[in-house]
Amino acid sequence: MQKPMGVGAGRKPEWLKIKMTSGASFAATRQLLGRHSLHTVCRSAMCPNLQECWSRGTATFLLLGNVCTRTCRFCAVGKAESPPALDPDEPKKIALAVHSMRLKYAVLTSVTRDDLDDGGAAQWVETLRAIRQLTPSTSIECLIPDFHGNNSALDLLMAEVPEVLNHNIETVPSLYSKVRPQASYTASLKLLLRAKERHGLATKSGLMVGMGETLEEITTSLYDLIRHGCDMVTIGQYLQPSPAHLPVERYITPEVFDQYRDIALTLGFRHVQSAPFVRSSYHAETYAQNSESLP
Ligand code: SF4
């Protein structure tokens, strides 16, 4: 099977050099997040776009604390079997931050809390309601964990009708045991289908490449997503957060990202972002501008 065009995982290629930006709005975002003592996936997952996004006054809020019960090998978020208890003020604090940042489009995500009966679904619901109360005009994208396949927890959250329901499949099925051992490719697809069929939501998913997948495998996964009613997809280069994490197998060229975009658009995705630095919530608000055309 053909390995996608790319360069071996030695020195980072030119196209992965980050242009550092900082300025007043970057500092303002950092201060504000600090003032509300909020976690962000931007920082916890060491996102390469942090500087750019915070300078644009956007951030992705991390709910349910910043310690996860899963051990995905690509992820820099802290891990423990029993993370600290939930912060009861978290929903209000996030709503205040969204209000202070005057966000028209807010992206929420969370760690996975398999230690909680509802996986943290009730705290998610409280957070959406708190944001809606303070800033009713803000669109909300929820990048959710799989809640261990707990359908009543999923329905509880999906019934809040976020503008976009996002759940990443992250990689191709052949790499699951290596990349996200506690997750299930089929369960993730079923979650997206449930959001579409049962709740009529606009759905989105994401893939990281450069971990050993083939071009055919990516194409098949894109097809699987379309077959499960997925409207939008993001495809970005995996970057190793530390030597303790999964090594990068290949730096995929921008040309191949363009190829993936063309394949995804041909398969019928309404919106596609495919480029080395693309992450699940990178420029997520651009989708909102087109979401009217979504079901
Ligand atoms: S479930 Fe999410 S936060 Fe937890 S380790 Fe995996 S990717 Fe990271």
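Provided above is the structure to which this section pertains.
Residues numbered from 1 in each chain as written. Predicted model: local features only at pLDDT ≥ 70, side-chain atom pairs only at ≥ 80, totals over all residues. Heavy atoms only, no water.

K.L.:
Help me get a handle on the site of the ligand, residues and values and all.
P.N.:
With respect to spatial proximity, the complete set of residues near the ligand consists of C68, R70, C72, F74, C75, K79 and T112. In terms of residue class, the shell around the ligand is built from four nonpolar, one polar and two charged. (Near = heavy atom within 4 Å. Nonpolar A, V, L, I, M, F, W, Y, C, P; charged D, E, K, R; others polar.)

K.L.:
Give me helix 6 (residues 151-158): which residues, what numbers.
P.N.:
Buried within helix 6 we find A153, L154, D155, L157 and M158. Buried residues along helix 6 sit in contact with helix 5 (121-134), strand 6 (139-143), strand 7 (164-166) and helix 8 (185-197). (Buried < 20%, exposed > 50% of the residue type's maximum accessible area, 1.4 Å probe, protein only. Helix = DSSP H or I, 4+ residues; strand = E, 2+ residues; numbered from the N terminus. Contact = heavy atoms within 4.5 Å.)

K.L.:
Explain the state of the cysteines residue by residue, including any values.
P.N.:
Inspection of the entire model under this criterion finds zero disulfides. Summary of cysteine pairing: C53 is not part of a disulfide, and the nearest cysteine sulfur, belonging to C47, is at 6.1 Å. (Disulfide = S-S within 2.5 Å.)

K.L.:
I'd love a proper account of the side chain of R279, names of residues and values included.
P.N.:
Position of R279 relative to the elements: it lies in the loop between strand 11 (271-274) and helix 11 (285-288). One buried charged residue, R279, remains without a salt bridge, the closest side chain of opposite sign being E170 at 8.6 Å. For R279, the contacting residues outside a window of four places in its chain are C47, P48, N49, T234, G236, Q237 and L239. (Lys, Arg positive; Asp, Glu negative; His and termini not counted. Salt bridge = Lys/Arg side-chain N within 4 Å of Asp/Glu carboxyl O.)

K.L.:
Go over the sheet that holds strand 9 (residues 232-237) with me, naming the residues and quoting the values.
P.N.:
In spatial order, the strands read 2-5-6-7-8-9-11; together these seven strands make up an open sheet with parallel pairing. A single partner strand is all that each edge strand has here, and the edge strands are strand 2 (60-63) and strand 11. Taking each pair of neighbouring strands and ignoring which way they run, the sheet shows an average axis angle of 20°. Examined bridge by bridge, strand 9 and strand 11 share four bridges and lie parallel to one another. Looking across to strand 11, one finds that M232 is bridged to H271. (Pairing = 2+ DSSP bridges. Axes fitted to C-alpha atoms, helices over the stretch in contact; angles between N-to-C directions.)

Remember that the coordinates give geometry; whether it matters functionally is a separate question.
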